[in-house]
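Summary of structural features
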Amino acid sequence: MTDEKKIKLQLECPMPKLDFEVITLGHGSGGILTHKLLDSGVFELLQNDLLQKRHDGAMINLSGKTAFTTDSFVISPIFFPGGNIGELAVNGTVNDLAMCGARPRYLSLGFIIEEGLSMTEFWDILLGIRYACEAAGVQVITGDTKVVERGKGDKIFINTTGLGEIHPDAAIDINRVGEGDKIIVSGNIAAHGIAIMSVREGLTFETTIESDTCPLNNIVDSLLDEFGRAIHLLRDPTRGGLATVLTEIARDSGLGMDIHQKAIPIEDQVGAACEMLGLDPLYVANEGVFVAIVKAEAATAILHRMQQTKEGHSAAIIGEVVNTHPRQVVLTSAIGGKRVVNMLVGEQLPRIC
Amino acid sequence: MKFLSEYRDPELAQRYLDEIHKTVSQPWTIMEVCGGQTHSLVKNGLLSLLPEAINMVHGPGCPVCVTPLNLIDKAVYLAEQKGVVLCSYGDMLRVPGSEKSLLEAKANGADIRILYSPLEAVKIAEREPEKEVVFFAVGFETTAPANALSVIHAHRLKLNNYSILASHVLVPPAIEALMEDDETKIQGFLAAGHVCTIMGTEEYYPLVERYGVPIVITGFEPVDLLQGILMTVKQLETGTAQLENQYTRVVREEGNPQARATISDVFQVTDRMWRGIDVIPHSGYEVREKYSAYDANKKFAINIAEVPENEECIAGAIMKGLKKPYDCPHFGKKCQPENPLGAPMVSSEGACAAYYHFSGAFEQQAV
């Protein structure tokens, strides 16, 4: 946690005094130890009226069209420059809802913890969750905690499911993508994946690159307020990166895309780290970036609006939708050559030389 | 990014392209030896910008592609032994063995770790003394110094649980083998810049002389490649055959003496089987007798039967520059990165992978 708000939160919420230091199998048994964990004060961080009821499930009212999504987070390492698995678990689901044009309201939160996770680590993860929930304006209203034997997990896995109300002016639909639409990327790409790589065992290199993990619902909401139906499609290029999302859109819309390498925003150090590691930044994961396919006439105005926000200050128009090469993404390289951008096969593996 | 952006400068690239177009008066077949160069050519769309008269054929300089099937099987076998940690560079993992790839062995529970450096494997051996740590030491002259250093390092630390499964290959004997092939159409070479960074340039003079073929030591960025191609074409058009160095910012005549000394301390030259090609005399490195304790081939009794290559794969012809990926009836159909018939489809330096990932149907339509 680096920014001021996070540090303030850490100072304001010290971990309660506990008579156990690590989480053990018993904490997931549903018995006394589970209650001890629940009552220890650790979950008070996330309290709200709905969660407070501690019923089998939360009972809620939602009005109008609703978006519903789920995501599991199994990242290693669980702490990385710019965030932790807790923040990621909230932001990931919040952003999936935002990509539907929805205003995220409620989350469920499921932990699968490998026994031996220290309470201080767990506390930091909960702080990350609280911080991200506040930033996105969502509430955790139901949850579950399970503990598995050592070796059966990787410290902690988190699942979040989210509910959101669709913005009244949103009309996000793959079928609305049309020839001539502009493709906008909301920020510098590849930072998250590289931040994770920089601290993976055996790969540590010195850098100040931080994950871009952040909620995107506020920026999306303001864009929908102002531009509504001019926004045809929103996607967040997480796993598989920008290239994968664009190829998916091309495949599903039946249209082609022309993108320009020079226009794709990327921070210098991230680009340099990709060079060093032999990775293509187009395939590296992002957690705080989205792709918007928008009506051409509104593209410049949308771009300017995005650039005024914190999340979107590096936004750029990177290309356009075409019908000359259906279902294919063609990139014009920095030196003017053309090549096809394909979907990633499996993981990107480091090269020999 | 200093030293990178200059070599991706569109204006400079265009100037070289114009010059190439002006210079070419007839068809020429040029081979870029290294798979890294192949990928740069395809990824930057350079092939679509070159004159049609220039036929770039893609060489055997892909260590993953030429590592023999039997050795992959050995690596898989070792990885599956209890207590063994097999460490490897990432792009070896997807290469098909006769039964499975290392990635499949890993999924089945083998302890296989992807590393960027063999020195990291030595650290693992130090940290986990109860394990046998084996580094899968493949590569050309470029990776040999680091692999050799790992052996020296382990020796200094008196580690008895570290060894390397070495399968090093060498560029000059491969060029010789290609030129000795009656079918060859290669008229000029772009030699691999990073190999010469280690080994220097002396080994290439006899090749230029014997075969009357221009060789230009070339880098990997778009401007490097275009300049290398221009230098080769100029020689071809004027009927000269010389060794030239395009990659002067990195390659010295004598190479890197310290790296060479490290290599020759640990390795000696041996005959080597090149997957899809054949045995090429004096074309590889093996661990010297004095370090045999660190030679996984000797340390473990590995008897894996030789299995014939998949006959449907034309990797050999592609790496010899006789065929291109599109000439293969299985390209993109039966053979795809997720289910490859041969190594060039999965290696990050393989010609088939380059065509598959970066050109796809688009290029086929354009052709």
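Note that the coordinates shown come from a computational prediction; the quantities given were computed from them, not determined experimentally.

**A closer look at the state of the cysteines**
Residue and element names in this part refer to chain B. Per the stated rule, a full pass over the model turns up one disulfide over all chains. The side chain of Cys62 participates in a disulfide bridge whose partner is Cys65; the two sulfur atoms lie 2.2 Å from each other. Between Cys62 and Cys65, the S-S dihedral sits near 70°, and the bridge is therefore right-handed. Classification of Cys65 as buried rests on a relative accessible area of 3%. In this structure Cys196 is not part of a disulfide, and its nearest cysteine sulfur, from Cys34, lies 11 Å away. On the basis of relative accessible area, Cys196 is assigned to the buried category, the value being 0%.

**Here we look at the sheet that holds strand 4 (residues 102-114) of chain A**
Residues and elements named next belong to chain A. The strand order across the open sheet formed by four strands is 1-6-4-5, and the pairing between neighbours is mixed. Edge strands, defined here as strands with exactly one partner in the open sheet, are strand 1 (66-73) and strand 5 (139-148). Going from strand to strand, the sheet's axes swing by 15° on average, the running direction of each strand aside. Where strand 4 lies against strand 5, nine bridges are found, and the strand directions are parallel. Within strand 5, the position partnered with Phe111 by the bridge is Thr145.

**What about helix 15 (residues 351-358) of chain B?**
With respect to burial, helix 15 of chain B is a largely interior element, eight of its eight residues being buried. Residues Ala351(B), Cys352(B), Ala353(B), Ala354(B), Tyr355(B), Tyr356(B), His357(B) and Phe358(B) constitute the buried set of helix 15 of chain B.

**What about the nonpolar core?**
Residues Leu102(B), Phe135(B), Tyr162(B), Ile164(B), Phe189(B), Tyr204(B) and Phe267(B) are the most contacted members of the largest nonpolar core, which totals 92 residues. Ignoring sequence-local partners within four residues, the contact set of Phe189(B) consists of Met31(B), Val33(B), Ile175(B), Leu178(B), Met179(B), Val213(B), Pro214(B), Ile215(B), Val216(B) and Thr232(B). Leu109(A), Ile113(A), Tyr131(A) and Ile158(A) belong to the second largest nonpolar core, which has 41 residues in total.

Here is what the cut-offs are and how they apply
- Every chain's residues receive numbers from 1 upward, in the order its sequence appears when written.
- Chain letters start at A and ligand numbers start at 1, both assigned in the order the entries are written.
- Given that the model is predicted, a residue must reach a pLDDT of at least 70 before its local features are reported, and side-chain atom pairs must reach 80 or more before they are shown or counted; all residues, however, enter totals for whole chains, interfaces and linings.
- The basis for every side-chain value is the complete set of heavy atoms in the structure, and neither hydrogens nor water enter the calculation.
- Any pair of cysteine sulfurs within 2.5 Å is marked as a disulfide.
- Relative accessibility decides the category of a residue: with a 1.4 Å probe and only protein chains considered, values under 20% of the type maximum give buried, values over 50% give exposed, and everything between is partly exposed.
- At least two DSSP bridges between two strands are needed for those strands to be called paired.
- Helix numbers and strand numbers start at the N terminus; a helix is a DSSP run of H or I with at least 4 residues, a strand a run of E with at least 2.
- To get an axis, fit a line to the C-alpha atoms, keeping to the stretch in contact for a helix; angles then go from 0 to 180 degrees between the N-to-C directions.
- Buried Ala, Val, Leu, Ile, Met, Phe, Trp, Tyr and Cys residues form a nonpolar core when they are joined through side-chain atoms within 4.5 Å.
- In what follows, residue pairs with any heavy atoms lying within 4.5 Å of each other are defined as contacts.

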